[in-house]
Amino acid sequence: MQEQGQNWEDVMSSLMQARSKDLPYEKVLSSMCTYPHPIAVEAYKMFIESNMGDYGLFMGTYELEQAILSMLGDLLHNPHPYGYLTTGGTESNIQAVRAMRNACKSINDPNIIVPASAHFSFDKIADVLKIDVRKARILSDLVVDTSHMRSLIDQNTVGLVGIAGSTEFGQVDPISELSKIAIDNHIFLHVDAAFGGFVLPFIGQHPSFDFLLPGVSSIAIDPHKMGMSIIPSGALLFREEKMMLSLKVDTPYLTISNQYTLTGTRSGASVAGTYAVMKFLGKEGYRYIVNRCMALTYLLIEEAKKIDVHPVIDPVMNIVALSVLDPKTIRKELANKFGWQVSITKQPSSIRLVVMPHMTEESIIAFVQDLKKVLEHLKTSTNTGSEKSYDFDGTGNMA
Ligand SMILES: *Cc1c(COP(=O)(O)O)cnc(C)c1O
């Protein structure tokens, strides 16, 4: 750090320069985040200094958080949930597993069982919590093999995890079956609905995944993904207070006497942003956004099929994995030649596209056109063994 402060304009100009290197979301198909709703941004700015780590000083923001929990509880069929606003799915998952472990104090060498398709936050959990994270196989339709999951349970198992909207494929595990398995074995069941929590309730026909199922003990749901809120904004909901209490730590010098959170100082601005967008949109608003994303998802698949590219599974939500031979190269070409950001999956091998609200019909069609060019280019260059230029304008004139 330099000795003397810079003037305001110089700092701003460095910021602008940095900002110009960040990608706008318009050509981003790899992210589960999007532009926050304008009302969330407005609310965020209003509460910028609010600290939920010491909410005795910010009782107004605390009330907003309670209102969010009650709205989320309504959405997820639990009128009186216990929980709090986290920094995202990772923190929610860590805390859910920590609560399971703490609630089973008598087990010395605890383990949990997650689907092999679980988010990488569960690898962090194994490391941070020093708990054995066992991975159950997934079947060809990319849901967890429940009989394999059942077979991995032993006397040290404290809980199971089911995914409602897997990060890679948007698939939903058979949570109702997992609920039965959890009840049969007297263990907890955490549902990772970080992405799907703001999608599934708004699509007409969807499998049960929430507190309606009696075995579900906690749910992670992220307002900063399909909830249209600002980053960071996640949420963790428990069915029973006792799980929340198992996270309690005394906080002697604060206005509150204890904390259940993982972080200490915690953004009240995030709380305000999430409250504002949920209140403003209502179920109707979210339904509109989700239906629009689903329509774009179907459009994407329809267009892809026209160029003989097919999805790995029929989409359950607004995530599409397109089966291709060399996803790595295709990803690189899409980015370098056309500016599209896509991600890839290994097993099965595909390019993964998250159809977020920043996409439009035009951008979906343009994307598939560019994908077509990449695929044709790869075909000719492998056939002739030589690098050929792109037919950028589609007229047959090589650039
Ligand atoms: C995104 C995601 C997470 C992680 O959430 P962060 O907000 O990035 O911490 C966890 N689980 C699932 C299923 C996700 O999609």
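The sections below set out a description of the structure shown in this document. In this text the structure is predicted, and so the values were computed from the model without any measurement.

### So, the sheet that holds strand E11 (residues 319-323)
If you walk across this open sheet you meet the four strands as E10-E11-E13-E12, and the pairing is antiparallel. Looking at the sheet topology across the chains shown, the edges are occupied by strand E10 (310-311) and strand E12 (343-345). Its contacts with the sheet put helix H9 (residues 268-306) on E10, E11 and strand E13 (350-354), and the angle it makes with E11 is roughly 10°. Contacts from helix H10 (residues 327-338) reach E12 and E13, with the element oriented near 175° to E12.

### Points about the packing of helix H2 (residues 38-46) against H9
Running from amino to carboxyl end, H2 crosses H9 at an angle of 145°, the nearest separation of the two axes being 7 Å. Every pair of crossing elements has a handedness; the one defined by H2 and H9 is right-handed. Where H2 abuts H9, its residues Ile39, Ala40, Ala43 and Tyr44 lie against Ala269, Ser270, Ala272, Gly273, Ala276, Val277 and Phe280. Among the residues forming the contact of H2 with H9, the class breakdown is nine nonpolar, two polar and no charged.

### Focus: the packing of aromatic side chains
Within the structure shown, the criterion is met by five aromatic pairs. Where Phe202 meets Tyr286, the ring centres are 5.4 Å apart and the plane angle is 20°; that geometry is what we call stacked. Of this pair, Phe202 sits in the loop between strand E5 (188-193) and strand E6 (218-221) while Tyr286 is found in helix H9, placing the two residues 84 residues apart along the sequence. This pair shows no difference in class: Phe202 is buried, exactly as Tyr286 is. Plain terms: the ring middles of Trp340 and Phe367 are 5.2 Å apart, the flat faces sit at 85° to each other, and that makes the pair edge-to-face.

### With respect to the side chain of Glu91
Within the element layout of this structure, Glu91 appears in helix H4 (residues 89-103). Arg266 is the oppositely charged side chain nearest to the buried, salt-bridge-free Glu91, at an N-O distance of 6.5 Å. Polar contacts involving the side chain of Glu91 include one to the side chain of Thr87, which spans 2.7 Å. Setting aside anything within four residues of it in sequence, one finds Glu91 in contact with Tyr84, Thr86, Leu262 and Thr263.

### Quick look at the packing of H4 against helix H5 (residues 121-129)
Put simply, H4 and H5 touch, their axes get as near as 10 Å, and they point 45° apart. Taken as axis vectors, H4 and H5 run oblique relative to one another. Judged by the twist between their axes, the crossing of H4 over H5 is right-handed. On H5, the residues touching Thr90, Asn93, Ile94, Val97, Arg98 and Arg101 of H4 are Ser121, Phe122, Lys124, Ile125 and Leu129. Grouping the constituent residues of the contact of H4 with H5 by class yields five nonpolar, three polar and three charged.

### A word on the site of the ligand
Inspection of the region around the ligand gives 14 residues, with Gly89, Thr90, Asp192, His224 and Lys225 positioned closest. Between an oxygen atom of the ligand and a side-chain N or O atom of Lys225, the distance comes to 3.0 Å. Against a free-state accessible area of 380 Å², the protein chains account for coverage of 86% of the ligand. The greatest single-element share of the shell around the ligand, amounting to three residues, is contributed by H4.

### Let's talk about the pairing of strand E7 (residues 234-238)
Of all the five residues making up E7, five are buried; the element is thus mostly covered by neighbouring parts of the structure. Burial along E7 is two-sided: the residues Gly234, Leu236 and Phe238 and Ala235 and Leu237 are all buried. Note: strand E1 (residues 82-86) against E7, five bridges, orientation antiparallel. Following the sheet pairing, Leu85 is matched in E7 by Ala235. Taken together, the four bridges between E6 and E7 define a ladder with antiparallel strand orientation. Note on E7: the bridge partner recorded for Ile219 is Leu237.

About the thresholds
Residues numbered from 1 in each chain as written. Predicted model: local features only at pLDDT ≥ 70, side-chain atom pairs only at ≥ 80, totals over all residues. Heavy atoms only, no water. Pairing = 2+ DSSP bridges. Helix = DSSP H or I, 4+ residues; strand = E, 2+ residues; numbered from the N terminus. Contact = heavy atoms within 4.5 Å. Axes fitted to C-alpha atoms, helices over the stretch in contact; angles between N-to-C directions. Left-handed = near helix turned anticlockwise from the far one by under 90°. Nonpolar A, V, L, I, M, F, W, Y, C, P; charged D, E, K, R; others polar. Phe/Tyr/Trp six-rings, centres within 6.5 Å; stacked < 30°, edge-to-face > 60°. Buried < 20%, exposed > 50% of the residue type's maximum accessible area, 1.4 Å probe, protein only. Lys, Arg positive; Asp, Glu negative; His and termini not counted. Salt bridge = Lys/Arg side-chain N within 4 Å of Asp/Glu carboxyl O. Polar contact = N/O pair within 3.5 Å; in protein donor to acceptor, adjacent residues only side chain to side chain. Parallel < 35°, antiparallel > 145°, perpendicular 65-115°, else oblique. Near = heavy atom within 4 Å. Areas by Shrake-Rupley, 256 points an atom, 1.4 Å probe, with all protein chains shown as cover.

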